[in-house]
Amino acid sequence: ISQDDLLAAALEGGTMINGDESLASEPQPAYVEGIWTLAQSGGPGSAVNPMVLLRFEDPGIHRATIKLEKRGDLAHKNWGIIFYVYQLDSLEAQKLSTGGRSIRCRKDDPVGSGRIWFGCPDDDAEELRLTPKGKSRGTRHQNTKMTVSLRGSGRSYLILPCLEKPGMTGNFLITVTSAPNA
């Protein structure tokens with residue numbers, strides 16, 4: 001349900017929020033906490049990393065600021081971080097999410113949704129390379145962020161957070177906020 005649908009429903013019902021008749025509010029940031037484990041720490045650009053799915057149901061162009069932040073013990077380590085943003089509605093991504101013995105999504109998930117699992121490096125998945133729509137600046141600081149323009153209407157994007165070297169572990173936080181239009 002979109003913000004416009006919620007607003008229309010509230011206006012029809014005569015609902016007031018905290019006594020304020022103006023129901024329009026700023027979009028709220030979205031937060032995802034995650035962890036790089038020994039099994040999910042493949043280094044920069046590797047599919048062997050945690051993955052976060054981002055979707056915009058409303059049509060149009062959405063400007064979003066995406067921030068990756070080191071958390072916990074990792075925050076005090078001088079390890080590099082970077083993240084990539086991939087559009088999952090490309091033909092290559094649809095092949096990955098629906099085809100091949102090496103790829104599986106949860107049963108009954110529509111094309112391009114759910115988690116994409118990559119198999120062994122020598123199978124079909126290795127032949128299909130996705131090109132990132134965006135890449136943050138790599139840094140050894142506590143966080144890195146970038147602002148991107150992404151299309152809505154149900155398109156899906158994958159955020160791939162990475163540590164600088166495979167096999168490193170630690171906690172992270174991804175924050176997605178609405179960015180002002182330029």
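What you see is a predicted model; the values in this text were computed from it and never measured. (Residues numbered from 1 in each chain as written. Predicted model: local features only at pLDDT ≥ 70, side-chain atom pairs only at ≥ 80, totals over all residues. Heavy atoms only, no water.)

Asks: Looking at this structure, I do not really get the environment of serine 41. What am I missing?
Replies: Topologically, serine 41 is positioned in the loop between strand 1 (30-36) and strand 2 (52-56). Given a relative accessible area of 4%, serine 41 falls into the buried group. Residues serine 41 and proline 161, 120 residues apart in the sequence, show an inter-C-alpha distance of 9.4 Å. Discounting residues that sit within four places of it in the chain, serine 41 has contacts with Trp36, Val48, Asn49, Leu163, Lys165, Pro166, Gly167 and Met168. (Helix = DSSP H or I, 4+ residues; strand = E, 2+ residues; numbered from the N terminus. Buried < 20%, exposed > 50% of the residue type's maximum accessible area, 1.4 Å probe, protein only. Contact = heavy atoms within 4.5 Å.)

Asks: Sorry, what's going on with the confidence of the model for the chain here?
Replies: It should be kept in mind that the predicted coordinates are not to be read in detail where pLDDT is low. The predicted model of the chain averages 74 in pLDDT, with 60% of residues at 70 or higher. Across residues 14-24 the pLDDT falls below 50, and counting only partners more than four positions away or on other chains, this stretch makes 8 contacts in the model. For residues 97-128, every residue scores under 50 in pLDDT, and the model assigns this stretch 46 contacts once sequence neighbours within four places are set aside. (pLDDT = per-residue confidence, 0-100.)

Asks: Could you clarify how one ought to interpret the sheet that holds strand 4 (residues 81-87) in this entry?
Replies: Hydrogen bonding along the main chain pairs the strands of a sheet, whether they run parallel or antiparallel. Read from one edge to the other, the open sheet built from 4 strands follows the order 2-7-4-5, with strand pairing classed as antiparallel. Only two strands of the sheet have a single partner each, and these edge strands are strand 2 and strand 5 (134-135). Bridge analysis of strand 2 against strand 7 (residues 155-163) gives 5 bridges, and the strand direction is antiparallel. The residue of strand 7 that forms the bridge with phenylalanine 56 is arginine 155. (Pairing = 2+ DSSP bridges.)

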